[in-house]
Amino acid sequence: MKDNEMYYGITIGPIVKTLCMTSTPGGLWGASYIFSYLAKQLILEIKQNDGDVLIPSFEDKNNVSEEVGSYPDHIIFIADENLDINRIIKKIKEEAGELLYNAFIRVDDNKFDKRCFSRDEVKTFVNRYVNIHCIKTKKIDNIMLEISEILDNVEQFNSYVYEEKENYFLTLFNGIKIKESDQLDDKDKTDAKNIYIKNFFKTINDDKRNNTQIKPQVLFEKNDNQIKSVDDIARIKDKKDYKISNYLAIVQADGDGMTNKFNDMGNDTEKVKKFSKSCVDYTTKSAALIKKYGGVTIYAGGDDLLFLAPIISKDGNENILDLCDKIRVNFKKSKIEGASISFGIAINYRKFPLYESFDQAREMLDKAKKLGDDNKKKDSIAIDLTKASGLSVFLNFGNETETLKKFKNLINNYYLSNKESEKINDSTNSVIYLMDNYRGLYNIAIKNKDKKEISNFFTNMYSNPMQDNYQKFIEDIADLFIQAKSDNESNRFKSINKNDFNKDEDTELSSMLRFAKFLVEKGGKSNE
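Summarised in this report is the structure supplied together with it.

Attention now moves to empty space enclosed by the protein. Counted according to the given criterion, the structure contains four cavities of 30 Å³ or more. As a volume, the largest cavity reaches approximately 90 Å³. Lining the largest cavity are Ile34, Tyr37, Leu38, Ala96, Leu99, Leu100, Val126, Val130, Phe169 and Phe200. Residue composition of the lining of the largest cavity, by class: ten nonpolar, no polar and no charged.

Turning next to the environment of lysine 273. As for its position among the elements, lysine 273 is in helix H10 (residues 269-293). Separated by 220 residues in the primary sequence, lysine 273 and valine 53 place their C-alpha atoms 8.5 Å from one another.

So, on to the pairing of strand S5 (residues 247-256). Along S5, ten of the ten residues are buried, which leaves the element largely enclosed by surrounding structure. Bridging between S5 and strand S8 (residues 340-349) involves ten bridges; their strand directions are antiparallel. When the bridges of S8 are listed, glycine 255 appears paired with isoleucine 341. Summarising the sheet, S5 and strand S7 (residues 304-309) pair through five bridges and their orientation is antiparallel. Residue pairing across strands places glutamine 252 opposite leucine 306, the latter belonging to S7.

One pass over the full model with this rule turns up 27 aromatic pairs. An angle of 90° between the planes, with centres 5.0 Å apart, marks the rings of tyrosine 282 and phenylalanine 331 as edge-to-face. Of this pair, tyrosine 282 sits in helix H10 while phenylalanine 331 sits in helix H11 (residues 320-333); the two residues are 49 residues apart in sequence, bridging distant segments of the chain. The residues tyrosine 282 and phenylalanine 331 share a single accessibility class, namely buried. Through a chain of ring-to-ring contacts, three or more aromatic side chains come together here, namely Phe104, Phe117, Phe125, Tyr129, Tyr168, Phe169, Phe173 and Tyr196. If you follow arginine 362 out to its NZ or CZ, it ends over the ring of phenylalanine 358, 4.8 Å from the centre.

Attention shifts here to the sheet that holds S8. Taken in spatial order, the seven strands line up as S6-S7-S5-S8-S9-S10-S11 in an open sheet, and their pairing is mixed. Only two strands of the sheet have a single partner each, and these edge strands are strand S6 (296-301) and strand S11 (493-495). Strand after strand, the sheet turns through a mean of 10° between neighbouring axes, direction not considered. Note: strand S9 (residues 380-386) against strand S10 (residues 392-398), seven bridges, orientation antiparallel. Looking at the pairing, serine 380 lines up with glycine 398 of S10.

Another aspect to go through is the layout of surface pockets. Empty space among the atoms becomes apparent when a probe as large as a water molecule is rolled across them. By volume, the largest pocket is sized at about 1300 Å³. Taken together, 48 residues form the lining of the largest pocket, with Asp73, His74, Asp152, Asp254 and Asp304 sitting closest to its centre. Considering every element that reaches the lining of the largest pocket, the biggest residue donor is helix H5 (residues 143-154), with five residues. Across the lining of the largest pocket, the residue classes break down as 21 nonpolar, 16 polar and eleven charged. Considered as a void within the structure, the second largest pocket measures approximately 830 Å³ in volume. Leu219, Phe220, Glu221, Lys222 and Lys228 are the residues nearest the centre of the second largest pocket, which is lined by 30 residues in total. Secondary structure elements with two or more residues in the lining of the second largest pocket: helix H7 (186-206) and helix H8 (230-234). The leading source of residues in the lining of the second largest pocket is H7, at four residues. The residue inventory of the lining of the second largest pocket, partitioned by class, reads nine nonpolar, seven polar and 14 charged.

The rules behind these values
- Residues numbered from 1 in each chain as written.
- Predicted model: local features only at pLDDT ≥ 70, side-chain atom pairs only at ≥ 80, totals over all residues.
- Heavy atoms only, no water.
- 1 Å grid on protein atoms, 1.4 Å probe; cavity = no way out; pocket = protein on both sides within 12 Å on 5 of 7 lines; lining within 4 Å.
- Points joined across faces, edges and corners; volume = space filled by probe spheres on them.
- Nonpolar A, V, L, I, M, F, W, Y, C, P; charged D, E, K, R; others polar.
- Helix = DSSP H or I, 4+ residues; strand = E, 2+ residues; numbered from the N terminus.
- Buried < 20%, exposed > 50% of the residue type's maximum accessible area, 1.4 Å probe, protein only.
- Pairing = 2+ DSSP bridges.
- Phe/Tyr/Trp six-rings, centres within 6.5 Å; stacked < 30°, edge-to-face > 60°.
- Lys NZ or Arg CZ within 6 Å of the ring centre and 35° of its normal.
- Axes fitted to C-alpha atoms, helices over the stretch in contact; angles between N-to-C directions.

Functional significance is not addressed by these values, which are geometric in nature.
This is the structure we're talking about:
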């Protein structure tokens, strides 16, 4: 670094607050992309002023997905000590306000009443609402660690929007208000709700400074003028009469052990850029995996992912756990050495508010990162399945545990590939019934953790043990329980409740079975 240069750090927000304003996939995608777009424009301006951007490093622009927000909320760079960063920030906010205003006024559909917007009010709102804070320093021992810590603290000082007449981001997400007197069909009502978001996409693509066109994952591929709804994402082909087609997963993933990674990089700018490039490679490829599965990536930047997905892939061959495993493998291939990744998954009924599911996913991610002993925490996955009936299932696995491996095999062998779904559902209900109603005998059977004794309990108590493949099914369940007990003792598997980890030994197996049978339950009433 030259004598006249300094390290700069920028943080952009408030992202979480804005995400929590919306309850639609289009709104979530738009809320996330707004801040990614701001970061991108800041980076372009910094580079035009001879700044050397370290984080994020986009040396290969062809490797950046234009389907999702790929620019993180932290920017770290080296630039001249006299760089007028306040001028740049002011310019970017002005342009963002103009962008939002143009999205509002380009309504050209005669079905909808056009409302008047004040350019000055919209731009003033954006200027006051959007927080872009910058710090700079000369002496530093660790680029990533120290600057990131300072930026995290600076984020706490959010600006206040004085005399807020209207929250224009809410207007963007909610669209045109429909009157009772309006003669509109369901399609028109949906178009009215999404019209400003779609105009926002179009206005960005009209910006001549963008060399590429954004192609939001939240739009249908065959009809890029329509935004996917929660129902569109949750619905699974050939599974419309199954309960899982009425449920949506929202997943948040985050890298583990990044502090140690930052310590290793120190002040080596080339290591920092290499790390950033690896993160871009990971998130870009992960977004492609999510799209192929049938999900929608809301955010993919740094080491963070946020996405919506059906419980089963659109081709019916994978479930949400398989997708997370593919993302984890992709993370390992990206060569972010000495780090791992954890997942928080919230699964809720399609009418459950998205912003509440988002909070649940963050809570589950926190649970995942706390699984294990002090020296073996993280690298985990935590799941919160809340059914419309009120039944809740909470599971927490270490990503590399045999319990998770055996559980996924059980799902794939008996629940996804089994054409006789009603029979496997009945068999699972019978196992859960025996566990719940013959608890004393069951506790004796599991005491020694002997596979034969556990299998005999279920076989002898079942009314027709020779039915179909029941015996093999029972043996695999017994094997799963023994492994779960072992991983539980090493603190790498838990069945949890909302308040804390559940200590009851037998809830671990029943929770996994309740989750598995959920995959094959038909619509209507079922034994939950």
